[in-house]
Amino acid sequence: MLVTWKYRPRNTFIQRLDPRTRLIFMFSIILALTVPEIWDFRIILPLFFLSLTLYLMARIEWKDVRRVWIFIFILVIFIVGLNGLLSGRGGPSSVTNLPSPVLFNVPIKIPFTDIGWDVPITVSKTWFALTQITRMFTMTLLAIPIPYTIDPNIYGTAFRRMGASDKVSFTMDLAFRFLPTFARDFIITMDAQRARGYEIEKLNGGIPERLRKLAPFIIPVVMQSTVTGEEVIDAMDLRAFGTAPRTWLKQLTYALRDYFILGLGFAIFVACCVLKWGFGFGGYFVPEFFSNWILGL
Amino acid sequence: MNDKSTWEFGTRQVVYGAIGAALYGVLSWASNFVPLPAAGNVTFRPAVAVLIFFGVAYGPWVGFLAGVIGNTLGDALSGWGFYWNWSLGNGLMGLVAGLAMAAISDFRAQKDIIKAVGWGIAGVAVGMLFASLTEMFVGGIDINTALVGYFTPAFIGNTVVTAILVPILMIAFAAVASRRGR
């Protein structure tokens with residue numbers, strides 16, 4: 001097998017959960033934070049620790065996820081966090097609208113001109129950047145384990161049992177089956193082109209030229225796949241595909257633990273909506289302990 | 001454009017949706033190992049040309065499924081996780097490109113290639129705009145970051161790939177289709 005899934009069976013609580021439970025729970029947390037626009041650290045922090053606990057319970061080895069985490073850290077801390085710190089935008093208007101003590105100014109100057117201005121870094125913007133980073137990590141911690149912990153063979157069944165049509169679910173199932181074959185075809189094509197003197201590692205020229213030079217690598221596999229497709233269509237039509245509802249080999253059933261996690265996800269979503277819309281709790285504010293601490297530095 | 005064959009969803013769409021998704025997923029994964037050109041924070045993903053081509057050749061449903069499932073597969077294979085808004089954005093990219101199908105009769109004709117590339121670029125704009133703007137709600141970023149940090153690099157990179165590789169795929173496909181006779 002030339003392409004391997006990141007999935008590996010582990011005897012963990014997370015992997016014993018039904019895949020539908022995992023997906024529905026992740027969406028519940030994303031919706032709980034985004035629909036009622038929760039920016040209060042007293043809600044975000046417990047949810048962050050809940051996500052972190054579930055992530056650690058998945059027992060994914062660090063060497064498997066190291067590259068992913070480096071990318072996520074760069075994205076969340078340097079792009080999102082730094083942007084929040086400088087601009088204070090991307091959240092509620094109270095971050096920049098309410099008066100807040102200035103910690104220091106960052107001079108920004110347009111290169112080769114005298115045009116420039118000072119960007120004030122306030123206590124409010126600093127707390128907002130920290131809140132936003134935590135909020136994003138809360139959601140990311142639930143998304144990252146999915147490919148490592150859900151068996152690729154049950155995605156089709158999971159989506160069918162979540163309400164997708166037979167055809168859509170079968171498309172997904174078929175895609176998973178085709179994937180190793182096409183990965184093998186790509187590698188064989190690359191080797192065959194190398195034998196003819198095509199050096200994929202040494203593409204030179206301008207960007208259009210370098211993209212054009214990728215064609216000998218892409219075209220043979222794509223064209224062969226269109227021919228394969230016709231054969232598969234004939235085989236499926238001969239078996240009367242799509243004329244009646246189909247049955248699925250793999251069956252999924254909810255266990256008690258699934259109902260518990262689903263109930264927890266639903267309760268978190270409802271609680272966030274009720275707290276925000278019913279009691280006005282969950283909006284953005286800078287806690288006093290943070291203001292005192294950072295101004296005392 | 002909205003005739004039955006454009007929006008038909010039968011065995012052909014199921015199979016080519018799956019093939020498009022698998023190719024898109026594999027090529028996205030292979031991008032990790034093939035040195036690709038980049039300029040600034042713009043990266044060029046040749047997989048996008050395959051997605052646009054499948055939309056143009058087999059219609060909007062194939063484009064949509066190939067985008068949604070292919071992006072999910074590519075992310076899963078690379079271990080990135082599951083980001084529904086980017087998968088849906090990729091699906092929209094294929095769906096809009098697929099609207100060109102009814103307007104294309106000859107994959108070798110210059111005017112049909114221009115139509116395909118035009119619809120492909122429109123698909124890139126719609127799909128990447130959707131993904132970037134939904135990131136405001138999912139990730140809590142502001143509109144400037146969404147448009148400048150996410151949308152612009154994705155749009156430029158995918159447009160260049162579409163304009164260069166989709167015509168090559170269409171000409172190659174015309175030869176294969178004429179040999180196959182359907």
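The shown structure was predicted, so the numbers you read here are calculated from the model rather than taken from an experiment.

Chemist: Sorry, what's going on with helix H12 (residues 256-279) of chain A here?
Modeler: Since there are 3.6 residues in each turn of an α-helix, residues three or four apart along the chain are aligned in direction. Residues and elements named next belong to chain A. The terminal C-alpha atoms of H12, which comprises 24 residues, lie 32 Å apart, in line with the 34 Å expected from a rise of 1.5 Å per residue. Within H12 the residues assigned to the buried category are Asp258, Ile261, Gly265, Ile268, Cys272 and Cys273. Each element contacted by the buried residues of H12 is listed here: helix H1 (13-16), helix H2 (19-34) and helix H3 (41-57).

Chemist: Whenever I open this one, empty space enclosed by the protein confuses me. Can you help?
Modeler: Gaps between atoms show up when a probe of the same size as a water molecule is rolled over them. Following the criterion strictly, the structure yields three cavities of 30 Å³ or more and no others. Size it by volume and the largest cavity reaches roughly 130 Å³. If you trace the largest cavity, you find it lined by A:Ile14, A:Leu17, A:Arg22, A:Phe25, A:Met26, A:Ser51, A:Leu54, A:Tyr55, A:Leu141, A:Leu142, A:Pro145 and A:Ile261. Where the lining of the largest cavity is concerned, the elements lending two or more residues are H2, H3 and helix H6 (123-143) of chain A. There is about 90 Å³ of room inside the second largest cavity. If you trace the second largest cavity, you find 12 residues lining it, with A:Ile146, A:Tyr155, B:Thr72, B:Ala76 and B:Phe82 closest to the centre. Along the lines of polarity and charge, the residues of the lining of the second largest cavity split into 10 nonpolar, two polar and no charged. Here the lining of the second largest cavity spans two domains, and each of domain 1 (13-152 + 256-295) and domain 2 (155-238) of chain A adds at least three residues to it.

Chemist: Just to check I follow, could you spell out the pattern of salt bridges for this structure?
Modeler: Proximity of charged atoms lets side chains of opposite charge pair with each other. Counted by the stated rule, this structure contains 15 salt bridges over all chains. For A:Asp40, the salt bridge goes to A:Arg42, with nearest N and O atoms at 2.9 Å. The shortest N-O distance in the salt bridge between B:Asp112 and B:Lys111 comes to 3.6 Å. The exposure class of B:Asp112 is buried, given its relative accessible area of 0%. On the basis of relative accessibility, which here comes to 53%, the residue B:Lys111 falls in the exposed class. Each of A:Arg8, A:Arg10, A:Glu61, A:Lys63 and A:Asp64 takes part in salt bridges that share partners, so that together they form one network.

Each value, and the rule that gives it
Residues numbered from 1 in each chain as written. Chains lettered and ligands numbered in written order. Predicted model: local features only at pLDDT ≥ 70, side-chain atom pairs only at ≥ 80, totals over all residues. Heavy atoms only, no water. Helix = DSSP H or I, 4+ residues; strand = E, 2+ residues; numbered from the N terminus. Expected span 1.5 Å × (residues − 1). Buried < 20%, exposed > 50% of the residue type's maximum accessible area, 1.4 Å probe, protein only. Contact = heavy atoms within 4.5 Å. 1 Å grid on protein atoms, 1.4 Å probe; cavity = no way out; pocket = protein on both sides within 12 Å on 5 of 7 lines; lining within 4 Å. Points joined across faces, edges and corners; volume = space filled by probe spheres on them. Nonpolar A, V, L, I, M, F, W, Y, C, P; charged D, E, K, R; others polar. Domains from an automatic or database assignment. Salt bridge = Lys/Arg side-chain N within 4 Å of Asp/Glu carboxyl O.

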